[in-house]
Amino acid sequence: MTAGAALPFVDTLRHAAVRDLAWLLASPGLLSAAPGAPLAAPWDDDAARDAAFGWLAALDAAPAPLHHALEGLRPVRLGRYAECLLEYFLTHGPVLRLVVANLALRSNGQTLGEVDFLVDAPGGRRLHWELAVKCYLYASPRGADPVGPASLADFVGPNLVDRFDRKRARLIDHQLRLGERAAFASLGYGAPSAAQMFVKGWLFYPVDAPVPCVAAEIAPDHSRGFWVTHAQWPAWAAAQRDAGWAVLPRLAWLAPRRIDAGVSVGAVPESFGDAASVPGALAARQAPALIGVFRPDGEGGAWRETARGFVVPDDWPARAAAFAAS
């Protein structure tokens with residue numbers, strides 16, 4: 001799913017935090033299910049989905065309780081922001097019920113890990129959910145025409161401290177196994193019916209190359225964006241007609257953003273403007289930055305994000321390919 005093909009229901013919502021929560025629940029995941037690593041689902045059937053959508057629509061009409069909850073928690077990291085949103089849904093939404101969040105496991109004074117969520121679901125199931133929200137850029141170390149599908153190792157974090165293959169291995173081999181530990185059993189929550197991964201985010205591909213075939217571990221319908229170097233930016237931006245641009249702050253990396261006159265959406269900083277304004281905003285950073293591409297959306301001064309991508313320093317592709325190969 002690209003930003004231009006955002007989930008129709010998410011596009012009906014006006015407030016940024018509600019849109020982010022709806023996107024977190026309804027967007028495609030990044031990973032396919034694997035043996036011992038099934039996917040978490042916020043609803044099992046159409047009736048539960050419709051109940052969730054109705055609840056979200058009501059929240060969008062009166063979002064103050066969600067805003068108040070977020071102000072009290074003050075998340076500053078994207079992953080923590082997503083945790084706060086999902087915890088709010090599990091606490092106040094329909095069907096599912098939160099048992100506990102961020103449950104630390106310790107043994108002999110040593111921290112073994114933290115269970116993200118225990119969730120009670122219909123049918124008497126108690127589920128263990130592990131949440132991750134990630135943005136990875138495709139940086140193949142095998143050249144412009146690699147043989148075979150892109151591997152998980154070819155997808156790297158923008159700051160080159162994280163890699164998709166390592167994150168998946170950590171999820172499956174460690175985080176999803178926490179409910180099997182003696183330290184978990186001693187807490188008295190009972191054995192989970194299943195440990196499931198809830199992995200959302202975006203994968204970004206170079207703007208000047210075909211999108212590669214991806215490994216089977218990656219969900220085929222994942223959310224997609226682009227990346228472009230500083231040197232490529234002028235020609236690429238010149239080809240975009242009637243577009244506005246904004247550097248997206250980290251807590252605006254979930255749902256595609258919308259700018260509505262008279263509505264505080266929390267998405268667009270002062271750098272919103274034409275193509276010429278973005279390189280100036282990025283020049284001092286010398287680090288990858290995520291931009292949203294906006295186009296007018298009807299009358300009344302509204303703008304809608306139709307694409308998103310990272311603008312990276314000119315030496316970033318070589319460094320990223322080396323990191324992918326390491």
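These numbers come from a predicted model, not from an experiment. (Residues numbered from 1 in each chain as written. Predicted model: local features only at pLDDT ≥ 70, side-chain atom pairs only at ≥ 80, totals over all residues. Heavy atoms only, no water.)

**Here we look at the pairing of strand β10 (residues 303-312)**
Pairing analysis gives four bridges linking strand β6 (residues 223-229) to β10, with the strands arranged parallel. Across the sheet, residue Val228 finds its bridge partner in β10, namely Val311. In this sheet, β10 lies alongside strand β8 (residues 258-259) in antiparallel orientation, the contact comprising two bridges. Within β10, the position partnered with Ile259 by the bridge is Trp303. Relative to β10, strand β9 (residues 289-296) is paired through eight bridges, and the arrangement is antiparallel. Each bridged residue has a counterpart across the sheet, and for Arg295 the counterpart in β10 is Arg304. (Pairing = 2+ DSSP bridges. Helix = DSSP H or I, 4+ residues; strand = E, 2+ residues; numbered from the N terminus.)

**What about the packing of aromatic side chains?**
Here the structure, examined in full by the defined rule, presents 17 aromatic pairs. Measuring from centroid to centroid gives 5.8 Å for Trp23 and Trp202, while their planes differ by 5°, and the two rings are stacked. Here the residue Trp23 occupies a position in helix α2 (residues 16-26), and Trp202 occupies one in strand β5 (residues 194-206), the gap between them amounting to 179 residues. For the pair Trp23 and Trp202, a shared accessibility class is recorded, and that class is buried. Arranged with centres 5.8 Å apart and planes meeting at 65°, the rings of Trp236 and Trp245 form a pair that is edge-to-face. Among the aromatic residues, ring-to-ring pairing joins Phe226, Trp233, Trp236 and Trp245 into one connected group. Taking NZ or CZ as reference, Arg308 lies 4.5 Å from the ring centre of Trp202, over its face. (Phe/Tyr/Trp six-rings, centres within 6.5 Å; stacked < 30°, edge-to-face > 60°. Buried < 20%, exposed > 50% of the residue type's maximum accessible area, 1.4 Å probe, protein only. Lys NZ or Arg CZ within 6 Å of the ring centre and 35° of its normal.)

**Looking at helix α6 (residues 164-173)**
Every buried residue of α6 is accounted for by Phe164, Lys167, Arg168, Leu171 and Ile172. Within α6, the buried residues cover an arc of 125° as seen down the axis, which keeps them to one side. Packed against the buried residues of α6 are β3 (125-138), β4 (155-156) and β5. (Arc of directions from axis to C-beta. Contact = heavy atoms within 4.5 Å.)

**Examining the packing of helix α4 (residues 64-73) against helix α5 (residues 78-92)**
One way to put it is that α4 packs onto α5 with a least axis distance of 11 Å and a crossing angle of 135°. By the criterion of interaxial angle, the relationship of α4 to α5 is oblique. Two packed elements cross with a definite hand, and for α4 against α5 that hand is right-handed. Contacts between α4 and α5 involve Pro65, Leu66, Ala69, Leu70 and Leu73 on the former and, on the latter, Arg80, Tyr81, Cys84, Leu85 and Tyr88. Its residues assigned to classes, the contact of α4 with α5 shows nine nonpolar, no polar and one charged. (Axes fitted to C-alpha atoms, helices over the stretch in contact; angles between N-to-C directions. Parallel < 35°, antiparallel > 145°, perpendicular 65-115°, else oblique. Left-handed = near helix turned anticlockwise from the far one by under 90°. Nonpolar A, V, L, I, M, F, W, Y, C, P; charged D, E, K, R; others polar.)

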